[in-house]
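For reference, the chains in residue letters:
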Amino acid sequence: MLLDTASLYFRAFFGVPESIKAPDGTPVNAVRGLLDFIARLTTDRRPARLVACLDADWRPAFRVALLPSYKAHRLANAARNIEEVPAALEAQIPVILEVLTALGIAHIGVPGFEADDVIGTLATGDPGPVDVVTGDRDLFQLVDDARGVRILYTARGVGRHEVVDETVVAAKYGIPGRSYADFATLRGDPSDGLPGVAGVGDKTAGTLITRFGSIDGLLAAVDDPAADLSPTLRRKLADAREYLLVAPDVVEVRHDVPLPDYDDTLPSAPADPEALVELANRWGLDSSLNRVLNAFSPAPA
């Protein structure tokens with residue numbers, strides 16, 4: 001099981017009341033919410049291995065160089081490439097990392113890459129099956145029925161997550177199950193600063209990808225007078241050529257991130273019990289940590 005950790009702790013922060021506080025009055029809603037999510041997911045799915053994937057770089061230079069608008073609207077400080085994050089959440093992120101370490105949950109972030117890229121590298125390099133837990137549709141591009149890679153999509157809540165495979169992607173968007181990246185490139189995504197092609201929404205993007213197979217195939221069709229494209233659509237695609245030439249390398253999740261050594265075995269006991277007790281006492285995490293530890297216990301025979 002691969003966790004899109006930021007997706008989960010953002011959901012926890014906005015979904016769990018900020019009145020959930022440590023003994024000293026510091027908000028710990030994101031910490032406790034994330035721990036409860038992990039407990040619920042591991043109880044329901046019983047993974048043998050678990051990795052919390054992190055954004056060591058939320059807006060990598062290689063993506064910005066190709067498409068300067070990429071996530072630009074989320075910048076709190078453009079000069080330092082700092083994301084706008086609520087202060088009460090930002091203060092909890094170091095606590096989350098300390099707790100993951102004390103529990104013994106593998107957590108990986110690689111400089112220059114997003115969590116999505118870490119997830120893509122782990123998912124495609126694993127013989128499977130793999131469950132990717134995220135609220136981000138971008139990762140639908142990783143679904144692969146042959147390898148057993150599925151998305152546990154948490155948009156409606158972690159407890160009510162949707163299992164997304166190739167059949168679900170095809171049914172939702174009318175595209176081949178593994179064509180989501182090209183579909184998303186055409187449609188665009190304002191939340192990531194991807195403009196898409198003007199006038200091309202979900203339905204048209206799905207039709208074009210189904211008909212021409214890929215962005216490369218679509219651009220070839222634009223240059224082919226005999227291709228099945230209306231004059232209006234041909235013009236829109238031609239006007240967006242510069243975007244379409246670079247956007248696939250922005251949208252596509254990397255599969256070649258240089259990963260550090262790690263042990264992804266689901267821990268049966270805390271890696272550092274003393275540190276965990278200290279963290280539990282300091283931040284008021286007893287109940288959430290106990291749920292995680294119970295969830296990590298071997299299932300009854």
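Residues numbered from 1 in each chain as written. Predicted model: local features only at pLDDT ≥ 70, side-chain atom pairs only at ≥ 80, totals over all residues. Heavy atoms only, no water.

A. Structural detail: the UniProt feature "domain: 5'-3' exonuclease" (unreviewed entry) in the protein. The residues that UniProt annotates with the feature "domain: 5'-3' exonuclease" (unreviewed entry) are residues 1–268. The annotated region residues 1–268 carries 43% helix and 10% strand content, and the separation between its end C-alpha atoms amounts to 16 Å. (UniProt positions renumbered as here; feature names shortened; annotations may be inferred. Helix = DSSP H or I, 4+ residues; strand = E, 2+ residues; numbered from the N terminus.)

B. Spatial organisation of the packing of aromatic side chains. Under the criterion given, the structure shown has 10 aromatic pairs. Ring geometry for Phe13 and Phe14: centres 5.0 Å apart, planes at 80 degrees, overall edge-to-face. Ring centres 5.5 Å apart and planes at 65 degrees place the aromatic pair Phe140 and Tyr180 in the edge-to-face group. With Phe140 in the loop between strand E6 (130–134) and strand E7 (149–153) and Tyr180 in helix H8 (residues 180–187), this pair connects stretches of sequence that are 40 residues apart. Residue Phe140 shares its accessibility class with Tyr180, and that shared class is buried. Through a chain of ring-to-ring contacts, the aromatic side chains of Phe140, Tyr153, Tyr173, Tyr180 and Phe183 assemble into a single cluster. A cation sits over an aromatic face here: Arg254 above Phe62, 4.9 Å from the ring centre. (Phe/Tyr/Trp six-rings, centres within 6.5 Å; stacked < 30°, edge-to-face > 60°. Buried < 20%, exposed > 50% of the residue type's maximum accessible area, 1.4 Å probe, protein only. Lys NZ or Arg CZ within 6 Å of the ring centre and 35° of its normal.)

C. Looking closely at the side chain of Asp57. With respect to the helices, strands and loops of the structure, Asp57 is situated in the loop between strand E2 (51–53) and helix H3 (61–66). In this structure Asp57 is buried but unpaired, with Arg59 as the nearest side chain of opposite charge at 8.0 Å. Those residues in contact with Asp57 that sit more than four places away from it in its chain are Asn81, Gly112, Phe113 and Glu114. (Lys, Arg positive; Asp, Glu negative; His and termini not counted. Salt bridge = Lys/Arg side-chain N within 4 Å of Asp/Glu carboxyl O. Contact = heavy atoms within 4.5 Å.)

D. How the structure looks around the packing of helix H2 (residues 29–45) against helix H5 (residues 93–103). Relative to each other, H2 and H5 sit at 35 degrees, their axes nearing to 9 Å. Seen along the crossing, H2 lies across H5 with a hand that is right-handed. Where H2 approaches H5, its residues Ala30, Val31, Leu34, Leu35 and Ile38 are matched on the opposing element by Val95, Ile96, Val99, Leu100 and Leu103. Tallied by class, the residues present in the contact of H2 with H5 amount to 10 nonpolar, no polar and no charged. (Axes fitted to C-alpha atoms, helices over the stretch in contact; angles between N-to-C directions. Left-handed = near helix turned anticlockwise from the far one by under 90°. Nonpolar A, V, L, I, M, F, W, Y, C, P; charged D, E, K, R; others polar.)

E. Spatial organisation of unusual backbone geometry. One non-glycine residue with positive phi stands out, namely Arg46, at about 50 degrees. The topology assignment puts Arg46 in the loop between H2 and E2. Residue classification places Arg46 among the partly exposed positions, given a relative accessible area of 37%.

F. Structural view of the pattern of salt bridges. The full count for this structure, using the stated rule, is 16 salt bridges. Close ionic contact of Arg74 with Glu83 constitutes a salt bridge, the shortest N to O distance being 3.8 Å. When its relative accessible area of 24% is taken as the criterion, Arg74 is described as partly exposed. In this structure, Arg178 and Asp144 form a salt bridge, with 3.5 Å as the shortest nitrogen-oxygen distance. Taken together, the positions of Arg178 in the loop between helix H7 (166–173) and H8 and Asp144 in the loop between E6 and E7 put the pair 34 residues apart, joining distant regions of the chain. Using a relative accessible area of 52% as the deciding quantity, one classes Arg178 as exposed. One network of salt bridges, in which partners are shared, links Arg63, Lys71, Glu114 and Asp117.

G. Quick look at the sheet that holds strand E1 (residues 2–4). Reading across the sheet, the 6 strands line up as E5-E2-E1-E6-E7-E8 and stay open at both edges, with mixed pairing between neighbours. This sheet does not close on itself; its edge strands, each paired only once, are strand E5 (106–108) and strand E8 (162–164). With direction set aside, neighbouring strand axes in the sheet form an average angle of 25 degrees. Note: E1 against E2, 3 bridges, orientation parallel. Bridged to Leu3 within E2 is Ala52. (Pairing = 2+ DSSP bridges.)

H. Just the domain arrangement of the protein, in detail. Taken domain by domain, the protein comprises domain 1 (2–173 + 253–296) and domain 2 (177–251). Relative placement of domain 1 and domain 2: their C-alpha centres are 31 Å apart. The partner domain 2 presents 20 residues to the 20 residues of domain 1 that form the contact. Interface area, domain 1 with domain 2, both sides summed: about 1800 Å², of which 54% is carbon and sulfur. Summed over the three residues of domain 1 that lose the most area to domain 2, namely Leu66, Leu67 and Tyr173, the buried surface amounts to 31% of that side. If you look at where domain 1 meets domain 2, you find 2 salt bridges. Arg74 is the partner of Asp192 in a salt bridge, and the nearest nitrogen-oxygen pair spans 2.6 Å. Taken together, the connections running from domain 1 to domain 2 amount to 10 residue pairs in polar contact (both at pLDDT 80 or more). (Domains from an automatic or database assignment. Buried area = accessible area lost by both parts, 1.4 Å probe. Polar contact = N/O pair within 3.5 Å; in protein donor to acceptor, adjacent residues only side chain to side chain.)

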